[in-house]
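# Residue-level structure breakdown
The residues making up each chain are set out below.
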Amino acid sequence: MKKLTIEPAEPPAASEACNGDLSGQFHRALSVLAGKWKGDILWQLVERKRRFGELRQAIPGVTQHMLTTQLRDLEANGLVKRTVYPEVPPRVEYEMTPSAKALKPVFDELYRWAQEHGFPTSAHGAAQPKPEPSSDGIAPEGQQRKAGRAGR
C-alpha cells in the first residue's frame, strides 16, 4: 500500500537560518499547515484531546480517509501527538504538541479578525466570500448557476 503522508521537512541548515530567508521560512511554515482540513483539526484540538470519532463528528464534510491522512501529516510534522492505549477495543487519542499549542494566539487572532470583518458562514459553517455587487443589478455568475440548480 502506498504511503500517503508527507515526510517531515528537513530542519534548515545553520547557514540558511542565518541568511535572513524570511520568505522561505514563512512558506515552510504555511506548507506544514496547508491542507483543507488541518486548520479545522488543530482548532478542535486547541482545548483538549480528542478521539478520531469526535474529530470526524466535529468537522462536517471530512471523510474518514482524509481525516486519517491529514492527522498523519500533522503527526509527521510534529504538530499532533497520537496516543494508542492498549485496550480492547483500542483507544486512540489525538492532542496538540507544545509547538502546535504555540499557534493558539494565531488561531485566536484569526477568529477575532473573522469576527471583526464579518465573514458570513454557510449552512455548513464554512466561511463564504461576500458576493461582489454588480453595476447592472444581475447576480454574480456563480449565484445564477446555483439558483438554476435549485429548481431541478
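What this report covers is the structure whose coordinates are included nearby. Computed from a prediction, not measured in an experiment: that's the story for all the values here. (Residues numbered from 1 in each chain as written. Predicted model: local features only at pLDDT ≥ 70, side-chain atom pairs only at ≥ 80, totals over all residues. Heavy atoms only, no water.)

Within the secondary structure layout, Lys38 lies in helix α3 (residues 38–45). According to the relative accessible area criterion, Lys38 is buried, its value standing at 2%. Polar side-chain contacts of Lys38 include one of 3.2 Å to the backbone oxygen of Ala34. (Helix = DSSP H or I, 4+ residues; strand = E, 2+ residues; numbered from the N terminus. Buried < 20%, exposed > 50% of the residue type's maximum accessible area, 1.4 Å probe, protein only. Polar contact = N/O pair within 3.5 Å; in protein donor to acceptor, adjacent residues only side chain to side chain.)

A few words now on a nonpolar patch on the surface. A cluster of nonpolar side chains, namely Val106, Leu110, Trp113 and Phe119, defines an oily patch on the protein surface of about 370 Å² accessible area. Tracing the chain through its elements places Phe119 in the loop between α7 (104–117) and α8 (141–150). (Patch = residues over 30% accessible without salt bridge, like charges linked within 9 Å, V, L, I, M, F, W, Y side chains within 5 Å. Areas by Shrake-Rupley, 256 points an atom, 1.4 Å probe, with all protein chains shown as cover. Salt bridge = Lys/Arg side-chain N within 4 Å of Asp/Glu carboxyl O.)

Summarising the element assignment, Gln70 is placed in helix α5 (residues 64–76). Classification of Gln70 as buried rests on a relative accessible area of 7%. Along the sequence, Gln70 and Ile41 sit 29 residues apart, while their C-alpha atoms lie 8.3 Å from each other. Setting aside anything within four residues of it in sequence, one finds Gln70 in contact with Gly35, Lys36, Trp37, Lys38 and Ile41. (Contact = heavy atoms within 4.5 Å.)

A few words now on α7. Working note: α-helix, 3.6 residues per turn, so residues spaced by three or four point in the same direction. With 14 residues, α7 should reach 20 Å at 1.5 Å per residue; the first-to-last C-alpha distance of 20 Å fits that figure. Of the residues trailing α7, Gly118 is marked for its positive phi of about 60°. (Expected span 1.5 Å × (residues − 1).)

Let us now look at the nonpolar core. Judged by nonpolar contacts, the single largest core of 19 residues is most densely connected at Ile41, Leu42, Leu45, Leu71, Val80, Tyr94 and Met96. The contact partners of Val80, leaving out residues within four places of it in the chain, are Leu42, Leu45, Leu71, Leu74, Glu75, Tyr94, Glu95 and Thr97. (Core = buried A, V, L, I, M, F, W, Y, C linked by side-chain atoms within 4.5 Å.)

These results come straight from atomic positions and should not be treated as a statement about function.
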